[in-house]
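Residue strings, one per chain:
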Amino acid sequence: MNQNQQPQQTSSSEGRSSADDDSALSDFLSSLTDYTPTIPDELVQHYLAKSGFQCPDVRLTRLVAVATQKFVAEVAGDALQHCKARQASIPKDKRDRQQKDRRLVLTMEDLSKALREYGVNLRHQEYFADNPSTGMDPTTRDE
Amino acid sequence: MSNGNGKTGKQIEQAGPTCRRKKVSGGDEFAQAIAKIAVAQVCESKGFQGFQQSALETMSDVTARYIMSIGKSANSYANLAGRAECNIFDVIQGLEDMGYAQGFTGASDIDHWLEDSGVVREISQFVNEVEPVMFAHPIPPFPVVKERVLPPSFLQKGEEPPDDHIPAWLPAFPDPETFSQSATVNGRGTEPHATKVENDNSNGDRPLLNSQQQIVSSMFGNTAMNDPAVPKANTVAAESNPFLAAPLKFEDKEVASIAPPAKFFNNTVASDIPILENFVENEPISVLETFAPAIEAIKSTCSDSREDQTKFPVKEKPTVRFKVGTKNKFLARSIGLIPQNEEHNKTLPWFAMEDEKDDRKRRAEKILRESLENPDQLVQL
């Protein structure tokens, strides 16, 4: 009972009430409806249904879609940082780097480094010794 | 991922996607494809200009798993609270679970309001900052579930059940035509069933082939394939897949008879072959004339029966003296017990492989006729 009272006391001491929080949530959800996530609703509904999630409310689906998009964007951002860092550190001619390697390509290498911080451990083949372009910079290879 | 250059590379690339589709994904390819497009769009909005194929597939797979894990944890929280349907608090708790790996503000606070959670704040921040990017294509709601058409019962068909122990509300037996024809084709009853389905296209009949395909399709978890769809799919499969079609009988397909190669129409080529010269010396008849009746016969008919070939007029062929063998051997040959390879050893090289058998039969007939006409002129080995 003490534990139940304490959060209420802290909330009252902070000047918040449950009504405000409810409205905050409904405001948040209404702001979601304005935002169209890149990940389509049908896809999110398909995978949620696959995992047992049942909810008729579309706003919750949108919430999950936005959260997923945020996750993908963060991972992509980290991978982009790794890619740029790798390009900066390669000791090459300025001429070559400006022409070709400016092209930012999402590679398995960068992706595995980025995902490692999120708890996804990715292992990929370093190279396949089956064609002459083995061992070359992955951005210049045709994939 | 690069699979290697050259022909083998191309073959692998062609075989790879189909193998992958059949073995690994099992009916989820549409969702995976859409996920790939969505992930590519998000990454593009972040600044990427290109993607490695494998990296894109991995990222889309991780995204799908992320969604599924949110759904799973949200569902667990709802069940924990004694509900079957999830509400926003379940979802926020699920998001918090996902966020513990990376961390969010207020993660370590116990008893904090869910509305005030760091995850919610971060999401609202994201929504305010980032411009929405529309998904590139319109998507129909999926997976599509077809309506099940049940097979008609005895009552619905108006039939009487054949026996007293069968109640009338049970589904009716299939038509006897669908399974009566059996043991005609290699002892397997499946091909006539497939052809019958093509002809009938009836509703409730389900031949053996159908059930096999049903099992296979259910293994792949294909929700779109249902009872009415399966016979239609089978007809399509039987029509498109030549290996499932009924085997042809002997007279079904017209097989053109083999025309002798062009070199025999040309006298100039004949001179190159020394043996042919000997042949020509015996009788002053050109090769073209010799084979003229054969050519005419080939042009007029396309029948591939053996008798026509042996009926080519043999009289115009020059009589070539060669050792045939003993009387007994000849009789055995005429009956067909001994293969007639030996006598053709010298003459075989100038005939193409297709003509060998024709020639052999012609000569056999000729020898037989000669022996019958002139029994005293038989040559001994």
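Residues numbered from 1 in each chain as written. Chains lettered and ligands numbered in written order. Predicted model: local features only at pLDDT ≥ 70, side-chain atom pairs only at ≥ 80, totals over all residues. Heavy atoms only, no water.

1. Quick word on helix H6 (residues 108–116) of chain A
Looking at H6 of chain A, one finds that the buried residues are Met108, Asp110, Leu111, Ser112, Ala114 and Leu115 of chain A. For H6 of chain A, the secondary structure elements touched by its buried residues are helix H4 (58–89) and strand S1 (105–106) of chain A together with helix H3 (53–80) of chain B. (Buried < 20%, exposed > 50% of the residue type's maximum accessible area, 1.4 Å probe, protein only. Helix = DSSP H or I, 4+ residues; strand = E, 2+ residues; numbered from the N terminus. Contact = heavy atoms within 4.5 Å.)

2. Observations concerning the interface of chain B and chain A
Listed as interface residues are 68 residues of chain B and, on the opposing side, 64 residues of chain A. Carbon and sulfur atoms make up 72% of the surface buried where chain B meets chain A, a total of about 6,200 Å² over both sides. For the chain B face of the interface with chain A, the top three residues by lost area are Phe48, Gln52 and Ile67 of chain B, together amounting to 11%. Across the chain B-chain A interface, the total number found is two salt bridges. With its nearest N and O atoms 3.2 Å apart, the salt bridge here joins Lys50 of chain A to Asp28 of chain B. Scanning the region where chain B abuts chain A turns up 12 residue pairs in polar contact (both at pLDDT 80 or more). When residues of the side of chain B that touches chain A are traced back to their parent elements, those giving at least two are helix H2 (29–46), strand S1 (50–51), H3, helix H4 (88–99) and helix H5 (118–129) of chain B. Among the elements that make up the side of chain B that touches chain A, the one with the highest residue count is H3 of chain B (15 residues). (Buried area = accessible area lost by both parts, 1.4 Å probe. Salt bridge = Lys/Arg side-chain N within 4 Å of Asp/Glu carboxyl O. Polar contact = N/O pair within 3.5 Å; in protein donor to acceptor, adjacent residues only side chain to side chain.)

3. Some thoughts on the environment of Glu115 of chain B
Position of Glu115 of chain B relative to the elements: it lies in the loop between H4 and H5. Sequence separation between Glu115 of chain B and Phe89 of chain B is 26 residues, and the spatial gap between their C-alpha atoms is 8.1 Å.

4. Thoughts on the confidence of the model for chain A
Put simply, chain A has an average pLDDT of 79, and 72% of its residues get 70 or more. Overall, residues 1–16 of chain A carries pLDDT values under 50, and its contacts beyond four positions in sequence, including any with other chains, amount to five contacts. (pLDDT = per-residue confidence, 0-100.)

5. As for the side chain of Thr58 of chain B
Along the polypeptide, Thr58 of chain B turns up in helix H3. Taking the relative accessible area as the measure of exposure, Thr58 of chain B reaches 16% and is therefore buried. Look past the residues within four positions of Thr58 of chain B in its chain and what remains in contact with it is Met108, Leu111 and Leu122 of chain A.

6. With respect to the confidence of the model for chain B
Residue and element names in this part refer to chain B. Confidence in the prediction for chain B averages 70 pLDDT; 51% of positions are at 70 or higher. For chain B, per-element mean pLDDT is lowest for helix H12 (residues 274–282), which scores 45, and highest for H3, which scores 95. Here residues 2–16 is a poorly scored stretch, pLDDT under 50, and it has 15 contacts once near neighbours within four places are set aside; other chains count. The low-confidence segment residues 302–311, where pLDDT is below 50, has nine contacts with residues more than four positions distant or belonging to other chains. Here the predicted complex carries an ipTM of 0.81, next to a pTM of 0.52.

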